[in-house]
Amino acid sequence: GSALSAQSPTRAVAWKTGSTLAIEEVQVEPPKAQEVRIKVISTGICGTDDHALKGLLSANFPLIPGHEGAGIVESIGKGVSSMKPGDKVLILIIPQCRECSACLHPEGNFCEKQDVLPSSGLMLDGTSRFTCKGKKIYHSFRASTFTEYTVVPEIAVAKIDAAAPMDKVSIISCEVPTGYGAAVNSAKVTRGSTCVVFGLGGIGSAIVMGCKASGASRIIGIDINEEKFPRNLKKPVQEVVMEMTGAGADFAFEAIGLTDTMIAAWDSCHRSYGVCLIVGLAPSSSKLSLKASEIVSGRTLKGVCLGDYKTRDCTPQLVIDYLQNKINIDPLITHQLPFDQLHKAFELYHAGKTKRFTYIP
Ligand code: APR
């Protein structure tokens, strides 16, 4: 096939850090070997996109942002065997190559072929599939979903059930495994436990859902947005958590991406058996400073990405669980807007009003 040119220009380009997204006409090249071109049906705004646009993750610009998405395969490159045009798929920020040390390990999921840490903005062969006004446009985490068509590696695509409602399941590509999975799969939250969740955005809300599903008897939510947490604290939040819990929480989750709240989450855990999970992605230049002597008392500090799920293996099952009413993702979608209202979606996001939005181009 030839390069697609837009009938209606529905591609968002961030020309530089901090700039407003421009809606541009973009050339999307055909997929090369082991790549897939996908028509994006719905996408969401994740905190990580916001971090990237603000320049906190050292991404290359100009880029097409977005990484949480569901779509339909439009064409496949040479050697692609796991899907065909017309298949419904999820676009994955963390691929699963099934060959690297992380993929081969039973517990590993941070595939060596990922493009988040660090982020080149290029496909696996070191080139881009997007051009705009004669300029090369970078990919975002090899996903780029704020576009009508995108090209991604086959290893970063999960084929899903043909009955999946495409306006909703995009959040199963990132938010649901990241949050719900952090609680049920990574932390393995126990029945009757006390959980603390820092940050009640999309990810934090999905964590709360996972804690509840795991039978936690108490879930404490922490956020600076007063609509979500109407209480003005006079002392450090970890001290308040200690008072509320007696000796600290069984599980604490950080879903913001700030070092201060990571330390607060660590300090909120029971010093002997508490487990602190870092779900938020901190700015790439930041460092975490913990009291070293406190570590020996037994607490666990664990990082988690996409809920420790092997992405291509597990996300299709989450879609089936949703179709069979075993998990309910509907409350996580606060708005559904058409793509031409992308700017409004970002306004709502920045005003703290939206957890996720989806669009149909
Ligand atoms: N203390 C408490 N809450 C805070 C603070 C703070 N200092 N700063 C921000 N928050 C709250 C916001 O009010 C918001 O409700 O954290 C929440 C963040 O939610 P979103 O912006 O919706 O981000 P989300 O998509 O949930 O991602 C959260 O997880 O995957 C990572 O990179 C992502 O680091 C990001 C984090």
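In the block above lies the structure referred to throughout.
One structure accompanies this document, and this report is about it. (Residues numbered from 1 in each chain as written. Predicted model: local features only at pLDDT ≥ 70, side-chain atom pairs only at ≥ 80, totals over all residues. Heavy atoms only, no water.)

**Let's talk about the site of the ligand**
So, step 1. Close contacts around the ligand come from 23 residues, with G47, T48, I203, D223 and Y349 the closest.
So, step 2. Here H51 contributes a side-chain N or O atom positioned 3.0 Å from an oxygen atom of the ligand.
So, step 3. In this structure, Y349 approaches the ligand through a side-chain N or O atom, which is 2.7 Å from an oxygen atom.
So, step 4. Looking at the shell around the ligand, the elements with two or more residues in it are α1 (47-53) and α4 (202-213).
So, step 5. Top element by residues in the shell around the ligand is α1. It accounts for three residues.
So, step 6. A class-by-class count of the residues in the shell around the ligand yields 10 nonpolar, 10 polar and three charged.
So, step 7. Each of domain 1 (11-173 + 329-358) and domain 2 (180-304) accounts for three or more of the residues forming the shell around the ligand. (Near = heavy atom within 4 Å. Polar contact = N/O pair within 3.5 Å; in protein donor to acceptor, adjacent residues only side chain to side chain. Helix = DSSP H or I, 4+ residues; strand = E, 2+ residues; numbered from the N terminus. Nonpolar A, V, L, I, M, F, W, Y, C, P; charged D, E, K, R; others polar. Domains from an automatic or database assignment.)

**Things to note about the sheet that holds strand β5 (residues 68-76)**
Strand pairing in a sheet relies on backbone hydrogen bonds, with the paired strands running either antiparallel or parallel.
So, step 1. Here we have five strands laid out as an open sheet, ordered β9-β4-β5-β6-β10, and antiparallel in their pairing. Strand pairing shows two members of the sheet lacking a second neighbour, β9 (149-153) and β10 (157-159), which therefore form its edges. Here the average twist between neighbouring strands, direction ignored, is 45°.
So, step 2. Across four bridges, the pairing between β5 and strand β6 (residues 88-91) is antiparallel. Residue pairing for β6: G69 is matched across the bridge by I91.
So, step 3. Each of β6 and β10 touches helix α7 (residues 311-323); the most contacted strand, β10, lies at about 45° to it. (Pairing = 2+ DSSP bridges. Axes fitted to C-alpha atoms, helices over the stretch in contact; angles between N-to-C directions. Contact = heavy atoms within 4.5 Å.)

**Details of the environment of C97**
So, step 1. Mapped onto the secondary structure, C97 falls in the loop between β6 and α2 (101-104).
So, step 2. Since its relative accessible area comes to 8%, C97 is described here as buried.
So, step 3. In this structure, the C-alpha to C-alpha distance between C97 and S42, residues 55 residues apart in sequence, is 24 Å.
So, step 4. With residues near it in sequence (within four places) discarded, C97 still touches C103, C111, K113, I155 and R312. (Buried < 20%, exposed > 50% of the residue type's maximum accessible area, 1.4 Å probe, protein only.)

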